[in-house]
Amino acid sequence: MIPTLLVTSLLIFWAMDLAGGDPVNQILPENATYEQREILREQMGFNDPFMVRYFRYIGGILSGDMGKSYISGLDVFGTFMGRLHMTLLLGGSALIFACLISVPLGIYTALHQNTWKDTLATVLALFGVSMPNFWLGLMLILLFSLKLGWLPSGGTGGIQYLVLPAVTVGLSLAALLTRTTRSAMLDVIRQDYMTTAKAKGASYRRVIYNHGLRNAMIPIVTAVGMQFSYVMTGSALAETVFGWPGIGRLVVDSINKRDTPMVTGSIILCCVLMAIINLAVDIVYAFCDPRIKAQYSGRS
Amino acid sequence: MSKTRKTIILEGEEIEIYKGRSMAQETWRRLKRNKGAMIGIIFLVALMLATTVASFVYDYDKDIIAMSKDRFMPPSKDHILGTDNMGRDIFARVLYGAKYSLVISLGSTAIGLAVGLFLGALAGYYGGLIDNIVMRVTDIFYSIPYIMIAVVVVSMLGTSTMNLLLAMALGTFSNFARIGRASVMTVRDQEFIEAGRAIGLPTWKTIVKHVLPNCLSPIIVQTTLKVGSNIISASSLSFLGVGVTPPTPEWGAMLSDGRSYIRSSGWMCLFPGLAIMFTVLALNLLGDGLRDAMDPKLKR
Amino acid sequence: MRKAMTLLIVIILACTTVWAGATKEEGVAATTGTPKDTLVIGVAQEINEQNPMMQNDQINNNCFVLTHERLIFVDSNNGYLLSPELAESWEWKDDTHLVFHLFKTIKFNNGTPLTAADVAFTLNRARSNDPTKSKISGTLKLITDVSALDDYTVQITTSAFSNELIYNLGAYPLVIQSKAAYEDPANKAPWLVGTGPYRFKEWKEGQYVTYEKRDDYWNAAKEPSIASSITFRFLLEASQRVIALQNGEIDVCIDPPTTDLKFLKEDANITVHTQAGTRLFYLSFNVEKAPFDNQKLRQAVSCAIDKQTIVDIVLDGRGKWQTSVLNRGAWSFLDNDQVEGGYAYDVARAKALLAEAGYQPGQLTVELFSATDDPYKTIAPIVQANLKEIGINVVIKSMDQATLKTECANGHQQLFLWRWNIGARVDETYRELFYTNFPTNYAQLKDAYVDQMADKVLTEKDPEKRLQYSHELQNYFVELVPQVPLYVPDLVIAYKKGLKGAYLTGGGAHDWSRAYIEQ
């Protein structure tokens, strides 16, 4: 975790350093004098060698200072945290939306394998994963905001502002999870213990939900966990399309403006966030998988 | 199939060629029965033909980038997909643009595949420090939302088609590194590798001749799917403004142009997006078909 | 199993609800309906600085005009006429001494009175070369000293006479701040203390900034402010601003996209306001570097560019193309029929000039540096197509604006697209864009005549002679072609019917402090 963060920060810092664009041009108004530019360079230590600047930056992080944006002058950590809940809200809603659709649909299609219903759902899911989600967002705006006028096309506010972005991120995610759920269920159904359970006279429902779903849950949770990175990527695009003030758009905007402290800081914080999410996924595993649970509780 | 496998071990190299052909034939035989995969193949072949024809029929300077007075024409007889904000025919641009999208995604997947497999095989075969380094690097690419890396890389290298391709290759390689590593590790300690070592075959020859063929099917499937997802990634990056330089008719760039006119000229957004969706859909259908066709579990 | 799944969903749901709740509360101020006494303005950019002298961006200036005041008011809509704001009167005592007499009843928003000491403090701080104190010292080089003669009289000493110093002092970054606030160690944001009719309330990064009306505003002689709060909502995507306006989420939409105007015109509740703008977009050369060190070649390029088509495509016709390098609307600006000669769109002439410059069609391939955003990404392909027409191949290099500025300052470019906006001071064009070795002289021009004329325009006291110098210089540029001026877009603002009291300028320095929506 720590070495990964160090290497990541070094790579991003280095990449932003190589990318053209004198930071002085971002910080000072365009018509600032050479004299003032030089003073600023000295003050900010832009003239120092690369490694000196990098270690100063890392030193700053260790003492709790992630630097200030070149563009807005705001604290990087504060800005990131100020926007984090927006992305979590969007990502969380998208994920819930995706799970609510995909898990039942996946189970249903697995149980009705090779019927027309299965084929239809599978084809729809395929369409879902094949769509660029920013395009889906644009099409939703076109339909629901512009043609029908039901929902706002962007910005923030009440729950109605959340619907289109969450559906945009959630729909392709749902398509993906439907496929995962379906194949996980199919795998489970073929297992011998299912036959055994059926033979023992357990009801069909009980077999599917108690034995089947329970075992299929692990690959599904894994898939959900893996998709967090996807959710973040999807959010970055959806945030751009819908003008949603989250961290994805923050990073993309900052890169376009060459706001090095904001970019480096945000990406490091994203890594930390992903690590925390992965940890959370591991904990959920423990709940899902009786074997892992047994390990933790030390009983049975 | 189990028969052929036996003969390989018994009789060595010659049979292996036979086995390869047989496996390909067997796969093709099963693929042919898969309707989805066949639709995918037909679509892709048709698209490639159309694109090839388009590059002869249309003149880049005259038909693809030159402006005309017919701006914002809705789909009609003269312009079946309408015209854009500069009066360019969208049908011509979408067809011509297929070349860019395909080249970028195929190129980046190929580079990612080569680099990823090489590093993965290296890591899997030698283990230890090399394994550690390679895996930590792929971890980094797993822990940062991919789009952020790509945007940083393109910013660093400058906006151009080649740099876009490289940035995407960077996001692709970690996938293949994992596949390569896992495949090599499963066979590393098996007898036939030992045997190869004993008769003095160089290590790389052992890997290329005996290990790679064993993990061919996940690689082929993964490659097909990755080409599809890279089309989406490339268009996402262009959409964010870090892809190709204007006036290149790349699909994502066309979407990004159309976005400003979505309200008055929705078709500018609709058609490039449909092109992306159907192409990716075709690749996904093919990928799924290949997976089923190559899956030993489904052989019965 | 079911327990586990329920738990997972409950956890996620709970978290989401908490976040959703949090957001909703924050969103309320900006989005619930629009009571008549508030004004919500949808803007295309986010503010980026709260200390006036640490920036010079129009979007911030639109906020400072609410909370702070300048010494004098420069009326951009009325020939840059000067009138009192904080200073009741002013005069040049001699060539190097400018004296301001302040009103005696001015109060800051923390209750303390404004005196000459505050003015001297503000101007001296602004002159500081230390970038942590001021980032605008470059525009105040001429001033050698600012001192308070008494409580209400300030004297500015300069090293030489300048026609434009007074306009300099009327710029928004030089709004007067409080000396006492800066000297108070407990005050963490002393720059928020101003004398304007509004005070800063909240900046929600990425969303909005809000100002609330002061009840104790000092200047009773002025028209009173009506709106109890003014909010700028950052809606970066133009089509979203338009929809927000039609939905009633905002009262004013800055810069609606021209292609959406037809929807706004159909809307009975909305007025579309248009006036001439001042921001000039141009195609420029690096005149020091081959091949564009060749004047004939530059003239050929100028003749090849179809400016009217650019205006049609980029702005849907809402703008004017021009020949002079000076911004339309600036003092002494020469319109297209007033310049002498000129190299207007004429493909045949362009081809002839190309031959005169010594190039065969198809022989030349040049790079065009262009920013990745609009309108540059639309202009670049048009320029490319225009130049193709006369046999010059253009390779477009897209980059972000920060890189573009650095590349151009370092002289790496051949052709580039950029823009410049000036207000009352023509020196901002003559000196900042063309004076030898000025940091923003991206064209890399080194021309003794230009330098000399720029100095003369700045210091000549005889108004007629000064005007003549400025005209001569513009005509000289027309012949020299260090840049091909393209167009100035119109200022377009859409707002709810019944908007009153807004002061809108073509340059984008609007004053909303007296604006309100009449019921």
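Source: prediction; values computed, not measured.

What counts and how
- Residues numbered from 1 in each chain as written.
- Chains lettered and ligands numbered in written order.
- Predicted model: local features only at pLDDT ≥ 70, side-chain atom pairs only at ≥ 80, totals over all residues.
- Helix = DSSP H or I, 4+ residues; strand = E, 2+ residues; numbered from the N terminus.
- Buried ≥ 20, exposed ≤ 12 C-beta atoms within 10 Å, placed from the backbone.
- Contact = placed C-beta atoms within 7 Å.
- Rg over C-alpha atoms; globule rule 2.2 N^0.38 Å.
- Pairing = 2+ DSSP bridges.
- Axes fitted to C-alpha atoms, helices over the stretch in contact; angles between N-to-C directions.
- Nonpolar A, V, L, I, M, F, W, Y, C, P; charged D, E, K, R; others polar.
- pLDDT = per-residue confidence, 0-100.
- Expected span 1.5 Å × (residues − 1).
- Arc of directions from axis to C-beta.
- Parallel < 35°, antiparallel > 145°, perpendicular 65-115°, else oblique.
- Left-handed = near helix turned anticlockwise from the far one by under 90°.
- Domains from an automatic or database assignment.
- Core = buried A, V, L, I, M, F, W, Y, C linked by C-beta atoms within 7 Å.

Caption draft 1: Focus on the overall build of chain B. Of the regular secondary structure elements, chain B holds 13 helices and 0 strands. The linear arrangement of helices and strands in chain B, starting from the amino end, is α-α-α-α-α-α-α-α-α-α-α-α-α. Overall size of chain B, expressed as C-alpha extent along the three principal axes, is 75 × 45 × 30 Å. Among the 300 residues that make up chain B, the fraction classed as buried is 49%. A separation of at least 24 residues holds for 67% of the contacts in chain B among residues at least 6 apart in sequence.

Caption draft 2: Structural view of the overall build of chain C. From N to C terminus, chain C includes 15 helices and 21 strands. Its C-alpha atoms give chain C a radius of gyration of 25 Å, near enough to 24 Å, the size a compact globule of 519 residues would have. In chain C, which comprises 519 residues, the share counted as buried stands at 51%. Restricting to contacts in chain C with at least 6 residues of sequence separation, those with at least 24 account for 68%.

Caption draft 3: Molecular detail of the sheet that holds strand 5 (residues 97-102) of chain C. All names here are of chain C. Taken together, the 4 strands give an open sheet; going across it, the order is 4-5-7-6, and neighbouring strands pair in antiparallel fashion. Of all the strands in the sheet, just strand 4 (87-94) and strand 6 (143-150) have a single pairing partner and so form its edges. Across this sheet, the average inter-strand angle for adjacent strands is 20°, counted without regard to direction. Pairing analysis gives 6 bridges linking strand 6 to strand 7 (residues 153-158), with the strands arranged antiparallel. Each residue of the ladder has a partner; that of Asp150, found in strand 7, is Thr153.

Caption draft 4: View of the interface of chain C and chain A. Each side of the interface is counted separately: chain C has 48 residues, and chain A has 53 residues. Breaking the side of chain C that touches chain A down by element, the ones donating at least two residues are helix 1 (2-31), helix 6 (238-247) and helix 12 (401-409) of chain C. At 14 residues, helix 1 of chain C tops the list of elements feeding residues into the side of chain C that touches chain A. In terms of residue class, the side of chain C that touches chain A is made up of 19 nonpolar, 19 polar and 10 charged.

Caption draft 5: View of the confidence of the model for chain C. Looking at chain C, the pLDDT average stands at 89 and 93% of residues meet or exceed 70. At the level of chain-chain contacts, confidence expressed as ipTM amounts to 0.84, with global pTM at 0.87.

Caption draft 6: Representation of the interface of chain A and chain B in the model. In this complex, chain A contributes 38 residues to the contact, which on the side of chain B involves 35 residues. Among the elements of the structure, helix 1 (2-18), helix 6 (116-130), helix 7 (133-147), helix 10 (204-242), helix 11 (247-256) and helix 12 (260-288) of chain A are those that each provide at least two residues to the side of chain A that touches chain B. Sorting elements by how many residues they give to the side of chain A that touches chain B places helix 1 of chain A first, with 8 residues. The residue makeup of the side of chain A that touches chain B, split by class, is 31 nonpolar, 7 polar and no charged.

Caption draft 7: Representation of the sheet that holds strand 17 (residues 415-420) of chain C in the model. Residues and elements named next belong to chain C. Read across the open sheet, the 6 strands follow the order 14-18-13-17-15-16; overall the sheet is mixed. Pairing within the sheet leaves two strands with one partner each, and these edge strands are strand 14 (319-321) and strand 16 (392-399). For this sheet, the mean angle separating the axes of adjacent strands, direction not counted, is 25°. Here strand 15 (residues 364-371) runs beside strand 16; their pairing, made up of 8 bridges, is parallel.

Caption draft 8: Local environment of unusual backbone geometry. With an omega dihedral of 0°, the bond running from Ala290 of chain C to Pro291 of chain C counts as a cis peptide bond. Secondary-structure assignment places Pro291 of chain C in the loop between strand 13 (280-285) and helix 8 (295-304). Following Asp374 of chain C, the chain continues to Pro375 of chain C via a peptide bond in cis, the omega torsion being 0°. Along the chain, the position of Pro375 of chain C falls in the loop between strand 15 and helix 11 (376-389). A positive phi angle, close to 60°, is found at Arg258 of chain A, a residue other than glycine. Relative to the helices and strands, Arg258 of chain A is located in the loop between helix 11 and helix 12. According to the C-beta neighbour criterion, Arg258 of chain A is buried, with 26 such atoms within 10 Å. The phi angle at Asp316 of chain C is positive, at roughly 55°, despite the residue not being glycine.

Caption draft 9: Structural context of helix 1 of chain A. Residue and element names in this part refer to chain A. Taking 1.5 Å as the rise per residue, helix 1 with 17 residues should run 24 Å; its terminal C-alpha atoms sit 24 Å apart, in good agreement. Of all the residues in helix 1, the buried ones are Thr8, Ile12, Phe13, Ala15 and Met16. Here the buried residues of helix 1 occupy an arc of 165° about the axis, which is enough to place them on one side. Along helix 1, exposed side chains directed more than 90 degrees from the buried face belong to Ile2, Pro3, Leu6 and Leu18.

Caption draft 10: Highlighting the packing of helix 11 (residues 216-239) of chain B against helix 13 (residues 267-294) of chain B. Residues and elements named next belong to chain B. Following both chains from N to C, one finds helix 11 and helix 13 inclined at 170°, their axes separated by 9 Å at the closest point. On the basis of the axis angle, helix 11 is roughly antiparallel to helix 13. Regarding helix 11 and helix 13, the two cross each other, and that crossing is left-handed. Residue-level inspection shows Ser217, Ile220, Val221, Thr224, Leu225, Val227, Gly228, Ile231, Ile232 and Ser235 of helix 11 in contact with helix 13, the latter providing Ile276, Thr279, Val280, Leu283, Asn284, Leu286, Gly287, Leu290, Arg291 and Met294. Of the residues belonging to the contact of helix 11 with helix 13, the class tally is 12 nonpolar, 7 polar and 1 charged.

Caption draft 11: Representation of the domain arrangement of chain B. Under the domain assignment used here, chain B contains domain 1 (1-31) and domain 2 (35-298). Each of domain 1 of chain B and domain 2 of chain B has a C-alpha centre, and the two are 30 Å apart.

Caption draft 12: Region of the structure containing the domain arrangement of chain C. Residues and elements named next belong to chain C. What the domain assignment reports for chain C is domain 1 (2-194 + 491-517) and domain 2 (280-489). A C-alpha centroid distance of 32 Å is found between domain 1 and domain 2. On the domain 2 side, the residues contacting the 14 residues of domain 1 number 12 residues. Looking at side-chain class alone, the side of domain 1 that touches domain 2 contains 7 nonpolar, 6 polar and 1 charged residues.

Caption draft 13: Highlighting the nonpolar core. Membership of the largest hydrophobic core comes to 154 residues, with the highest contact counts inside it found for Ala150, Val151 and Val152 of chain B. Those residues in contact with Ala150 of chain B, other than ones at most four positions away along the chain, are Ala167, Met168, Gly171, Ser233 and Leu237 of chain B. Formed by 76 residues, the second largest nonpolar core is a distinct cluster that contains Leu140, Ala181, Val242 and Ala494 of chain C.

Caption draft 14: Spotlight on the pairing of strand 3 (residues 81-84) of chain C. In this structure, strand 2 (residues 72-75) of chain C lies alongside strand 3 of chain C, joined through 4 bridges in antiparallel fashion. Within strand 3 of chain C, the position partnered with Asp75 of chain C by the bridge is Leu81 of chain C.

Caption draft 15: Quick look at the pairing of strand 9 (residues 208-213) of chain C. Residue and element names in this part refer to chain C. Two strands pair when backbone bridges link them, and strand 8 (residues 198-204) and strand 9 are joined in this way by 6 bridges, in the antiparallel orientation. From the neighbouring strand, Arg199 faces strand 9, where its bridge partner is Glu212. The hairpin formed by strand 8 and strand 9 contains 3 residues between the paired strands, and Gly206 there has a positive phi angle of roughly 85°. With 5 bridges joining them, strand 9 and strand 10 (residues 229-234) adopt antiparallel strand pairing. The partner of Val209 across the bridge, within strand 10, is Phe232.

Caption draft 16: Spatial organisation of the confidence of the model for chain B. Per-residue confidence for chain B gives a mean pLDDT of 82, with 91% of residues at or over 70. Confidence drops under pLDDT 50 across residues 1-19 of chain B; counting only partners more than four residues distant or on other chains, this segment forms 8 contacts.

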